Amino acid sequence: MSTVDTAPAQLHAPPAPRAPSRSTALPAQPRSAPPVEQPCAGPLEQQPAQPPQTLIGSVQRAMRLLETVARHEYGAPAKQLARETGLALPTAYHLLRTLVHEGYLYRDRGLFFLGEAVERLSSSGAAQKRRSTIVETLAQWRDLIGAPVYYAMYRDGEIEVMYVSDSPANPAVEEWADFRETGHAHAIGQCLLSQLDDGDRRDHLDRYPVRSVTPYTVRDNHSFLRRLERMRRMQPVTERQEYALGTVCAAVPITVGATAVTMALSLPAHQADRLMPAARRLQDEVGRRAGALALAISI
């Protein structure tokens, strides 16, 4: 299994080499004239006043114009905007022309509306909020279960691990074999492919045929397709050392419209007895947050 943050699993860098030790003896110092005694500094001289922060007035005025335009769903003329923002009409005209040129506003029949650049900013902010929701949720589950947690989806014919939450005490599995090409070997891939119809499964295997990754990996496409057919709907999918020796994994299927999604976890093989209880706990947690999580994933 892999860390793709989506990113691949974090590797701990070796400690930086130590700098050569230095002698504690001070080098010989050149002779100089005795220091001149300086008068004691007063309180103000000891703590010189810091210059005030510089604010750009034109930026402030432009932001006020944007906020004012946003309050007018059906647009507003320049004179009204100048009046509501307290700006001189020539200043308002100058700023409005600049904002239109940069795409933050557009003008139609003398009225000003928010432009595409503002919509891009808004959508970026919403996307960041969704990412934060998922990242925070995964971190909570990681600490609760005591295992690295993965969020992955099947998108545009590819298996994509979107986020991984691990810790030094519970590191994620290293992607040592291309994750997209070995979906048959890891629990995430098996779980995602189990949610596809037969045609999409066969299309995936035509592009990424089954191959041995470890001695425990399924051996051929036919055997793998039969395994997928036997999987019970919406039940956790497990694999034991099929992708990485010394590691066992479980994945929980999630229904988000027509998109195949999964949350997964991994454990060292010597903790294999924890795998199913941990998977059930993860499934319960996913169920409790299903609404908010589905919204964060699907929008």
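Quick look at the structure, then. Throughout, a residue's number is its position along its own chain's written sequence, starting from 1. Thresholds applied to this predicted model are a pLDDT of at least 70 for local features of residues and 80 or more for the giving and counting of side-chain atom pairs; totals over whole chains, interfaces and linings are not thresholded and use all residues. Processing note: side-chain calculations cover all non-hydrogen atoms of the structure and skip hydrogens and water entirely.

Section: the overall build of the protein
- Working definition: helices are DSSP H or I runs of at least four residues, strands are E runs of at least two. Numbering for both runs from the N terminus. On a plain count of helices and strands, the protein comes out with 10 helices and seven strands.
- Out of the 299 residues belonging to the protein, those deemed buried represent 38%.
- Considering only residue pairs separated by 6 or more positions, the protein has 62% of its internal contacts joining residues 24 or more positions apart.
- Here, Shrake-Rupley sampling with a 1.4 Å probe gives the accessible areas, and only protein chains in the shown set may cover a residue. Of the accessible surface of the protein, which amounts to about 18,600 Å², a share of 53% is contributed by carbon and sulfur atoms. Three exposure classes are used, based on accessible area relative to the maximum for each residue type with a 1.4 Å probe and protein chains only: buried under 20%, partly exposed in between, and exposed over 50%. Should any heavy atoms of two residues lie within 4.5 Å, those residues are considered in contact.

Topic: the pairing of strand β4 (residues 158-165)
- A large share of β4 lies buried, amounting to seven of its eight residues.
- In this analysis, strands are considered paired if DSSP registers two or more bridges between them. By the bridge criterion, seven bridges tie strand β3 (residues 149-155) to β4 in an arrangement that is antiparallel. The partner of Met-153 across the bridge, within β4, is Glu-160.
- Hairpin geometry of β3 and β4 is characterised by an intervening segment of two residues between the two adjacent antiparallel strands and by a positive phi of about 55° at Asp-156.

As for the packing of helix α3 (residues 78-85) against helix α4 (residues 89-101)
- Between α3 and α4, the shortest axis-to-axis distance is 9 Å and the interhelical angle comes to 115°. In this view, α3 runs roughly perpendicular relative to α4, as classed from their interaxial angle. The two elements α3 and α4 meet at a crossing, and its hand is right-handed. Here α3 contributes Ala-78, Lys-79, Leu-81 and Ala-82 to the contact with α4, which in turn contributes Leu-89, Ala-92, Tyr-93 and Leu-96.
- When residues are sorted by character, Ala, Val, Leu, Ile, Met, Phe, Trp, Tyr, Cys and Pro go into the nonpolar class, Asp, Glu, Lys and Arg into the charged class, and all the rest, Gly among them, into the polar class. Taken together, the residues of the contact of α3 with α4 break down into seven nonpolar, no polar and one charged. Each axis is a line fitted through C-alpha atoms, taken for helices only over the stretch in contact, and angles between the N-to-C directions span 0 to 180 degrees. Note on angle classes: values under 35 degrees are labelled roughly parallel, values over 145 roughly antiparallel, values of 65 to 115 roughly perpendicular, and the remainder oblique. Two helices cross in a left-handed way if the nearer one is turned anticlockwise from the farther one by less than a right angle. They cross in a right-handed way if the turn is clockwise.

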